[in-house]
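Listed below are the residues making up each chain.
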Amino acid sequence: GTRPLLVEVQALVAPTDVVPPRRVANGIDRNRLAMILAVLSRHGGVGVGNADVFVNVAGGVRVDEPGADLAIALAIASAHRGEPLSDAEGRPLACFGEVGLTGELRYVAHAERRVAEALKFGLSPILGPAIMDAPRGLDPAATLRAALGAARKRSAAPLREAA
């Protein structure tokens, strides 16, 4: 079908002395992970060359489409910095978009449906590629670097301590 499915992408970045560092991908293609890590380093300023990187799509879902690239990149950047990507109310960041080799965010099919599905779950704004006639609720970014900045700005609220 063509109905969008919201999935949770998790990442863990841990320093290591092992050469080469481990790259573990559950639910995504290992080659896609390698490409996203290279673009993050070159165009996003997030270097994880001396760290193990683990990426997991929660629930055992397998994601084979490039629309998840931005979510993977942001999850890795969040784990690397130790900063969660959620707003002051604890709602997670919703995002989609293909990451190109030059760091640009590329259009993916059914952007309107993706935004509508995220809005149904109360996730707003949704971070994605800059597109013509952007649907209401989409916070567009032209590049991975711009998306990283927008995500950090959105989650700049101080962390709450558990009582």
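Scroll up a little and you will see the structure.
These numbers come from a predicted model, not from an experiment.

Go over the overall build of the protein, please, and point to the residues and values.
In terms of regular secondary structure, the protein is built from 4 helices and 8 strands. Of the regular secondary structure in the protein, the N- to C-terminal order runs β-β-α-β-α-β-β-β-α-β-β-α. The C-alpha radius of gyration computed for the protein amounts to 15 Å, which stays within 12% of the reference 15 Å derived for 163 residues, consistent with globular compactness. Projected onto its principal axes, the C-alpha positions of the protein cover 45 × 40 × 30 Å. In the protein, of all internal contacts separated by at least 6 residues, the share reaching a separation of at least 24 is 73%. As presented, the protein carries roughly 9,200 Å² of accessible surface, and 53% of it is formed by carbon and sulfur atoms. In the protein, 19 positive and 17 negative side-chain charges are present, and the distance between their average locations comes to 1 Å.

For helix α3 (residues 111-120), give the residues involved together with the corresponding values.
Those residues of α3 not exposed but buried are A111, R114, V115, E117 and A118. Buried residues of α3, seen end-on, are gathered within an arc of 160 degrees and therefore sit on one face of the element. The secondary structure elements touched by the buried residues of α3 are β4 (94-95), β7 (126-129) and β8 (138-141). One or two steps after α3, the chain reaches G122, where phi turns positive at roughly 80 degrees.

Go over the packing of helix α1 (residues 30-44) against helix α2 (residues 69-81) with me, naming the residues and quoting the values.
Where α1 contacts α2, the axes come no closer than 10 Å and their chain directions differ by 60 degrees. For the element pair α1 and α2, the recorded crossing hand is right-handed. Within the contact between the two elements, α1 uses R32, L33, M35, I36, L37, L40 and G44 and α2 uses D69, I72, A73, I76 and R81. Taken together, the residues that form the contact of α1 with α2 break down as 8 nonpolar, 1 polar and 3 charged.

Quick rundown of the layout of surface pockets? Include the residues and the values.
Size it by volume and the largest pocket reaches roughly 1,100 Å³. For the largest pocket, the lining is made up of 38 residues, of which V7, E8, V9, A71 and C95 are closest to its centre. Broken down by secondary-structure element, the contributors of at least two residues to the lining of the largest pocket are β1 (9-15), α2, β4 and α3. When residues of the lining of the largest pocket are assigned to their parent elements, the largest contribution, 5 residues, is made by α2. Grouping the constituent residues of the lining of the largest pocket by class yields 24 nonpolar, 8 polar and 6 charged.

Tell me about the nonpolar core, and please be specific about residues and values.
Within the largest apolar cluster, 37 residues are counted, with the highest numbers of intra-cluster contacts made by I72, L74, I76 and L127. Among the secondary structure elements, those contributing two or more residues to this core are β1, α1, β3 (51-57), α2 and α4 (144-154). Look past the residues within four positions of I72 in its chain and what remains in contact with it is V9, I28, L33, I36 and V55. The next biggest cluster of nonpolar side chains, apart from the first, holds 10 residues, and it includes V108, V115, I126 and L138.

How each quantity is defined
Residues numbered from 1 in each chain as written. Predicted model: local features only at pLDDT ≥ 70, side-chain atom pairs only at ≥ 80, totals over all residues. Heavy atoms only, no water. Helix = DSSP H or I, 4+ residues; strand = E, 2+ residues; numbered from the N terminus. Rg over C-alpha atoms; globule rule 2.2 N^0.38 Å. Contact = heavy atoms within 4.5 Å. Areas by Shrake-Rupley, 256 points an atom, 1.4 Å probe, with all protein chains shown as cover. Lys, Arg positive; Asp, Glu negative; His and termini not counted. Charge placed at Lys NZ, Arg CZ, Asp CG, Glu CD. Buried < 20%, exposed > 50% of the residue type's maximum accessible area, 1.4 Å probe, protein only. Arc of directions from axis to C-beta. Axes fitted to C-alpha atoms, helices over the stretch in contact; angles between N-to-C directions. Left-handed = near helix turned anticlockwise from the far one by under 90°. Nonpolar A, V, L, I, M, F, W, Y, C, P; charged D, E, K, R; others polar. 1 Å grid on protein atoms, 1.4 Å probe; cavity = no way out; pocket = protein on both sides within 12 Å on 5 of 7 lines; lining within 4 Å. Points joined across faces, edges and corners; volume = space filled by probe spheres on them. Core = buried A, V, L, I, M, F, W, Y, C linked by side-chain atoms within 4.5 Å.

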